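Chain by chain, the residues:
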Amino acid sequence: MPTFSDPSSVSLSSAQLRDLCIAAITSAGGSPALASSLAEATVAAERRGKTHVGSAHLVDYLDGLEAGRINGRARPRVSDALAAAHHVDADGGIAQLAFDEAFAGFTAAATELGISILNITNAFTAGELGYYTTRLAEQGLIGLAGANSPALMSLFGSADPATGTNPFSFAVPHADGPRMFDQASSETAWVNIRDAADRGDRIPEGWAQDERGASTVDAEAALAGSLLPFGGVKGSNLALMVELLAVHGGARFSLDAPAFDSGQENPGTGLFIIAIAADAFGPEHMDRIAVHLERLRTQFGIDFGRKHHLEDIELPVEIHAALLDRC
């Protein structure tokens, strides 16, 4: 049973949260396969302490299932355009299920050929990108991933949204567990703006602009306007690169994608994942990486990409209640 030691949160084990997620997803219209894939990804995000792309974001998936934006009975179709190029049509479902369907063949090709790319189309937004790259690193593969989303962010100083927040992730195998980072191309994640608006809080300067293209600290004005890329032109370059790779398999450009949180149409944006055999140039490569990362830690205090996995998950009480209400 969950515990309530802190009145603002509910303590759950990974198994308890997984069961709760599966119950909520199934009640919303998800198939057993879809429920299992999405629950695993949600729990993984929570164990890394990332509720905003874990259980909080699961509510968006539940809304999508109930509204018809997500095909709860999706049956992803996997095809191999080339020996090292894999494609999955998610059938209007979720990227996590599509990834699961392609995982065995995709990783086997990377191990055998040294490198492999997977492109997922016709899916709901990708969720936590680090989930995909971490799973590759757990298989002894270096992982890179990126995804686009409905247009929410300015590019190169545009007054209107021109692309998504277009996150990207990198993970490398390590004896102590994969070292991974996962970040958006925007100065902040869209959910942080939404949360600030819900609370009535101001946002920091440089996060977003209003619908006229003027910088704003008003979260409501930011939601009506657009987010800003990190690093100005440099962030815009990276965001556009991520989008071009994400739509390589035929997914929608951000400007053509409907909203993920309203309406009845699936956004249909894209996700690319690249897997590289860590020992492609010799088995000593990973030893060299481990030694270098340890040098960074001891000499500079840089502990790159280490993720601590929580055993007990502290779920905000309002999110726990929202999931219970959907079961």
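On a predicted model such as this, the values are computed, not experimentally measured, just so you know.

Definitions and limits used
Residues numbered from 1 in each chain as written. Predicted model: local features only at pLDDT ≥ 70, side-chain atom pairs only at ≥ 80, totals over all residues. Heavy atoms only, no water. Phe/Tyr/Trp six-rings, centres within 6.5 Å; stacked < 30°, edge-to-face > 60°. Helix = DSSP H or I, 4+ residues; strand = E, 2+ residues; numbered from the N terminus. Buried < 20%, exposed > 50% of the residue type's maximum accessible area, 1.4 Å probe, protein only. Lys NZ or Arg CZ within 6 Å of the ring centre and 35° of its normal. Patch = residues over 30% accessible without salt bridge, like charges linked within 9 Å, V, L, I, M, F, W, Y side chains within 5 Å. Areas by Shrake-Rupley, 256 points an atom, 1.4 Å probe, with all protein chains shown as cover. Salt bridge = Lys/Arg side-chain N within 4 Å of Asp/Glu carboxyl O. Axes fitted to C-alpha atoms, helices over the stretch in contact; angles between N-to-C directions. Parallel < 35°, antiparallel > 145°, perpendicular 65-115°, else oblique. Left-handed = near helix turned anticlockwise from the far one by under 90°. Contact = heavy atoms within 4.5 Å. Nonpolar A, V, L, I, M, F, W, Y, C, P; charged D, E, K, R; others polar. Pairing = 2+ DSSP bridges. Expected span 1.5 Å × (residues − 1). Arc of directions from axis to C-beta.

1. Points about the packing of aromatic side chains
Okay, step 1: This structure, assessed with the given rule, holds nine aromatic pairs.
Okay, step 2: Both rings, one in Phe 99 and one in Tyr 132, keep their centres 5.1 Å apart while their planes meet at 85°; by these two values the pair is edge-to-face. A residue pair is termed long-range when its members are at least 10 positions apart, and Phe 99 in helix α4 (residues 95–113) and Tyr 132 in helix α5 (residues 130–137) qualify at 33 residues.
Okay, step 3: Aromatic pair Phe 168 and Phe 181: ring centres 6.1 Å apart, planes at 90°, arrangement edge-to-face. With Phe 168 in strand β6 (residues 168–172) and Phe 181 in strand β7 (residues 179–183), the pair connects residues that are 13 residues apart, well separated along the chain.
Okay, step 4: For Phe 168, a relative accessible area of 16% corresponds to the buried category.
Okay, step 5: Overall, the relative accessible area of 25% leaves Phe 181 in the partly exposed class.
Okay, step 6: Sitting above the plane of the Phe 103 ring, Arg 135 keeps its charged end 4.5 Å from the centroid.

2. Digging into a nonpolar patch on the surface
Okay, step 1: A cluster of nonpolar side chains, Phe 156, Val 233, Leu 240, Leu 244 and Phe 253, forms an exposed patch at the surface whose accessible area comes to about 450 Å².
Okay, step 2: One can find Leu 244 in helix α8 (residues 233–246).
Okay, step 3: Given a relative accessible area of 48%, Leu 244 falls into the partly exposed group.

3. Some words on the packing of helix α1 (residues 14–27) against helix α10 (residues 317–326)
Relative orientation and spacing of two packed helices are given, respectively, by the angle between their axes and the distance between those axes.
Okay, step 1: In contact at an axis separation of 8 Å, α1 and α10 are set at 50° when each is read in the N-to-C sense. Judged by the inter-axis angle, α1 sits oblique to α10. Handedness of the α1/α10 crossing: left-handed. Facing Leu 20, Ala 24 and Ser 27 of α1, the residues of α10 in contact are His 320, Leu 323, Leu 324 and Arg 326.
Okay, step 2: Here the contact of α1 with α10 is composed, by residue class, of four nonpolar, two polar and one charged.

4. A look at the pairing of strand β2 (residues 77–82)
Look at any regular strand and the pattern is simple: side chains alternate between the two faces of the sheet.
Okay, step 1: Where burial is concerned, little of β2 is hidden: zero out of the six residues are buried.
Okay, step 2: Judged from the five bridges that link them, β2 and strand β3 (residues 85–89) form a sheet pairing that is antiparallel. If you follow Ser 79 over to β3, its bridge partner there is His 87.
Okay, step 3: What sits between the antiparallel neighbours β2 and β3 is a turn of two residues.

5. Brief notes about the sheet that holds strand β8 (residues 208–209)
Okay, step 1: Pairing is antiparallel in the open sheet, where three strands are placed in the order β9-β8-β10. Each edge of the open sheet is held by one strand with a lone partner, namely β9 (215–216) and β10 (226–227).
Okay, step 2: Taken together, the two bridges between β8 and β9 define a ladder with antiparallel strand orientation. Looking across to β9, one finds that Gln 209 is bridged to Ser 215.

6. Some words on helix α9 (residues 284–300)
Okay, step 1: Under the 1.5 Å per step criterion, the end-to-end length of α9 is 24 Å for 17 residues, consistent within 8% with the ideal 24 Å.
Okay, step 2: Those residues of α9 not exposed but buried are Met 286, Ile 289, Leu 293 and Leu 296. Down the axis of α9, the buried set is contained in an arc of 80°. They therefore lie on one face. Opposite the buried face of α9, at more than 90 degrees from it, the exposed residues are Asp 287, Arg 288, Val 291, Thr 298 and Gln 299.
Okay, step 3: For α9, the secondary structure elements touched by its buried residues are β6 and β7.
Okay, step 4: Where α9 ends, the next residue or the one after it, Gly 301, has phi of about 70°, a positive value.

7. Section: the environment of Gly 30
Okay, step 1: Here Gly 30 is to be found in the loop between α1 and α2 (32–47).
Okay, step 2: A relative accessible area of 0% places Gly 30 in the buried class.
Okay, step 3: What Gly 30 contacts, discounting residues up to four positions off in sequence, is Ile 25, Leu 65, Gly 72 and Arg 73.

8. Topic: the environment of Pro 167
Okay, step 1: Along the polypeptide, Pro 167 turns up in the loop between β5 (141–147) and β6.
Okay, step 2: Residues Pro 167 and Gly 263 lie 96 residues apart in sequence; the distance between their C-alpha atoms is 23 Å.
Okay, step 3: Look past the residues within four positions of Pro 167 in its chain and what remains in contact with it is Leu 129, Ala 145, Gly 146, Ala 147, Asp 182, Gln 183, Ala 184, Ser 185 and Val 242.

Remember, this is a structural readout, not a statement about activity or role.
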